[in-house]
Amino acid sequence: MPPTQPAASMPADQSTVSPPSYQLPPVPPAPPHRGRTITLIVVGALIVLLAIVAGLYYFTPLGTQLMTMFVPTSIPTELKSASFLSDTPTGNTIVYQGTDSIKTPKDAGTVIVSAVENASGGARITRSADGTFKVLLDNTVVIQDTKQRIGIDRSPDGKSVVFAQASSTIPFIPPAISPTLHIDRKGWNVLVYVPASHTTINLGTGVSPFFIDTTHVAWLAPAGLAVADLSTGQSKILVPDTTGRASAATLVSPDHSVFAWYQGATKTMMPYKVTATAAMALPKTLIPDSLRWVALGNDSFYELQPVASETEILKQPFGASATVVGRLPLSAAITRLWLGSI
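Per chain, the residues get numbers from 1 upward, laid out in the order the sequence is written. With pLDDT at 70 or above as the cut-off, local features in this predicted model cover only qualifying residues; side-chain atom pairs require 80 or more to be listed or tallied, and sums for whole chains, interfaces and linings still use all residues. Hydrogens are left out, water is left out, and the side-chain values use all remaining heavy atoms of the structure.

(A) Fine view of the pattern of salt bridges. For salt bridges, the criterion is a side-chain nitrogen of Lys or Arg within 4 Å of an Asp or Glu carboxyl oxygen. Taken as a whole, this structure holds 6 salt bridges when the rule is applied. Notably, a salt bridge pairs D87 with R336, separated by 2.8 Å at the nearest N-O pair. One end of the pair, D87, is in strand β1 (residues 83–87); the other, R336, is in strand β26 (residues 336–338), with 249 residues separating them in the sequence. For the pair D87 and R336, a shared accessibility class is recorded, and that class is buried. Between D138 and R154 there is a salt bridge, with the nearest N and O atoms lying 3.2 Å from each other. Each helix is a run of DSSP H or I of at least 4 residues and each strand a run of E of at least 2, with the numbering of both proceeding from the N terminus. Burial classes follow relative accessibility: with a 1.4 Å probe on protein chains only, a residue under 20% of its type's maximum area counts as buried, one over 50% as exposed, and anything between as partly exposed.

Encoded structure:
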């Protein structure tokens, strides 16, 4: 027999590794479309959430408040005590009043046609959805019917109001819908109403009445700028004018010393310094074409002009050009500026 060969020995620095006696279970395949389904659910939830946020932002007062928290406003010093109005598609007027920004909205609950605030108190004309017009003094209704009224003012002693009342039943477009629309001064009567005695004084045909003082009322009559003495019942024309135009909102300064109307069919404003006995012409002022609203200050016109991403506040001294002095978020939908009256 051949000799037996010795077994080969392992090197000292090597060891034998045995394969494992078990195997990891295979990873099960993902259910078909599971990843795509999860993605679609997440995307759908985001779309719904964005739609809810957009609805709140654009169609509710909450959205306006959110907007005003993030969009900066810039209001000139002389307008810090003014109010800004937003006339909503639902037929209400939102008032941002008594603040240096537009972060404190108050829903009027109806459309404000005209309003005034002075030292003697407040007065308003409102219009409900059913066509009812109300005249309010300090939030108390003193007249309620379907007669169309615009341009209210309250006497310095607070005892009477004056407004223009339609002499026909032809509907007009209120300033809340078309703020700069011109109206026919021949289709209205100027009435002074005394709530304590429930008496009414018809001063004559015309629009845009306002108190110069407790006993004198001025307005734009068919023959021109007229003034009436309530103590004597006498009236006269201070400025003859048969072609000028008035808007539904009275253009009178907060201190009731300046009154203005449009020259003929132009965009030129004719402001006058008015007293009970005379009217002095101030420089004529050509206003821009693209305005949403025009208000009269004591020495300037103030205007609202919507642009691409905001509403600009313009100031235009009599006889001068308009300059941008402030800005409001366009999404706040500000339609009117309330100085002394609207």
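(B) Representation of the sheet that holds strand β16 (residues 234–240). Paired strands are those between which DSSP finds at least two bridges. Here 4 strands make up an open sheet; going across it, the order is β13-β14-β15-β16 and the pairing antiparallel. Of all strands in the sheet, those bounded by a partner on one side alone are β13 (207–213) and β16. Direction aside, neighbouring strands of the sheet carry axes that sit 25 degrees apart on average. Where helices are involved, their axes are fitted lines through C-alpha atoms of the stretch in contact, as for all axes, and angles between N-to-C directions lie from 0 to 180°.

(C) Broad picture of the sheet that holds strand β22 (residues 293–296). Judged by pairing direction, the sheet is antiparallel, and its 4 strands sit side by side in the order β22-β23-β24-β25 without closing on themselves. Looking at the sheet topology across the chains shown, the edges are occupied by β22 and β25 (323–329). Strand-to-strand twist of the sheet, defined as the mean angle between neighbouring strand axes without regard to direction, takes the value 20 degrees. Pairing geometry for strand β24 (residues 310–317) and β25, over 6 bridges, is antiparallel. Each bridged residue has a counterpart across the sheet, and for E310 the counterpart in β25 is P329.

(D) How the structure looks around the packing of aromatic side chains. Paired rings are identified among Phe, Tyr and Trp, the last through its six-membered ring, by centres lying within 6.5 Å, and are further divided according to the angle between planes into stacked (under 30 degrees), edge-to-face (over 60) and tilted (the rest). Evaluation of the coordinates by the stated rule reveals 4 aromatic pairs. Relative to F259, the ring of F210 lies with its centre 5.1 Å away and its plane at 35 degrees, an arrangement referred to as tilted. Of this pair, F210 sits in strand β13 while F259 sits in strand β18 (residues 258–262); the two residues are 49 residues apart in sequence, bridging distant segments of the chain. Among the residues examined, F210 registers a relative accessible area of 0% and is labelled buried. Between F259 and W261, the aromatic rings sit 5.6 Å apart at their centres with planes inclined by 40 degrees, giving tilted as the arrangement. Within the aromatic cluster, the residues linked to one another by ring pairs are F210, F259, W261 and Y272. Remark: a charge is flagged as sitting over a ring if the NZ atom of Lys or the CZ atom of Arg is within 6 Å of the ring centre and within 35 degrees of the ring normal. Across from the ring centre of Y262, 5.5 Å away, lies the NZ or CZ of R245, which sits over that ring.

(E) Local environment of unusual backbone geometry. Residues other than glycine seldom take positive phi values, yet H198 does so here, at roughly 55 degrees. The residue H198 is located in the loop between β11 (188–194) and β12 (199–205) in this model. Residue S208 is not a glycine yet carries a positive backbone phi of 55 degrees. Inspection of the secondary structure assignment puts S208 in strand β13.

(F) A look at the side chain of D153. Inspection of the secondary structure puts D153 in strand β8 (residues 149–154). With no salt bridge to any partner, buried D153 finds its closest opposite charge in R154, at an N-O distance of 8.6 Å. Pairing of N or O atoms within 3.5 Å defines a polar contact, subject to two protein rules: one partner must be a possible hydrogen donor and the other a possible acceptor, and residues neighboring in sequence count only if both atoms are side-chain atoms. One polar contact links the side chain of D153 to the main-chain amide nitrogen of F211, over a distance of 2.8 Å. Reaching out from D153, the side chain makes a polar contact with the side chain of H256 at a distance of 2.8 Å. Not counting residues up to four positions away in its chain, the partners in contact with D153 are V116, N118, S160, V161, V162, P209, F210, F211 and H256. Charge counting follows a simple rule: Lys and Arg are positive, Asp and Glu are negative, and His as well as the terminal groups are ignored. The criterion used for residue contact is that any of the two residues' heavy atoms lie within 4.5 Å.

(G) Spotlight on the environment of K159. Checked against the element boundaries, K159 lands in the loop between β8 and β9 (161–166). According to the relative accessible area criterion, K159 is exposed, its value standing at 59%. Sequence separation between K159 and S197 is 38 residues, and the spatial gap between their C-alpha atoms is 10.0 Å. Setting aside residues up to four positions removed in sequence, K159 forms contacts with V194 and P195.

(H) Spotlight on the pairing of strand β4 (residues 111–118). A large share of β4 lies buried, amounting to 6 of its 8 residues. Examined bridge by bridge, β4 and strand β5 (residues 121–127) share 7 bridges and lie antiparallel to one another. Opposite I112, over in β5, you have T126 as the bridge partner. Here β4 folds back onto β5 in antiparallel fashion, the turn holding 2 residues.

(I) Layout of the nonpolar core. Side-chain atoms within 4.5 Å link the members of a nonpolar core, which is a set of buried Ala, Val, Leu, Ile, Met, Phe, Trp, Tyr and Cys residues. Judged by nonpolar contacts, the single largest core of 36 residues is most densely connected at I152, F163, W188, L225 and W261. If one sorts the elements of this core by residue count, β9 sits on top with 4 residues. In this structure, I75, L79, A295 and W338 belong to the second largest nonpolar core, which totals 23 residues.

(J) Layout of the side chain of T285. By secondary structure assignment, the location of T285 is in strand β21 (residues 285–286). In terms of polar contacts, T285 uses its side chain to reach the backbone amide nitrogen of G319, at 2.8 Å. With sequence-adjacent residues up to four places away left out, T285 is seen in contact with K267, T268, M269, F301, Q316, P317, F318, G319 and A320.

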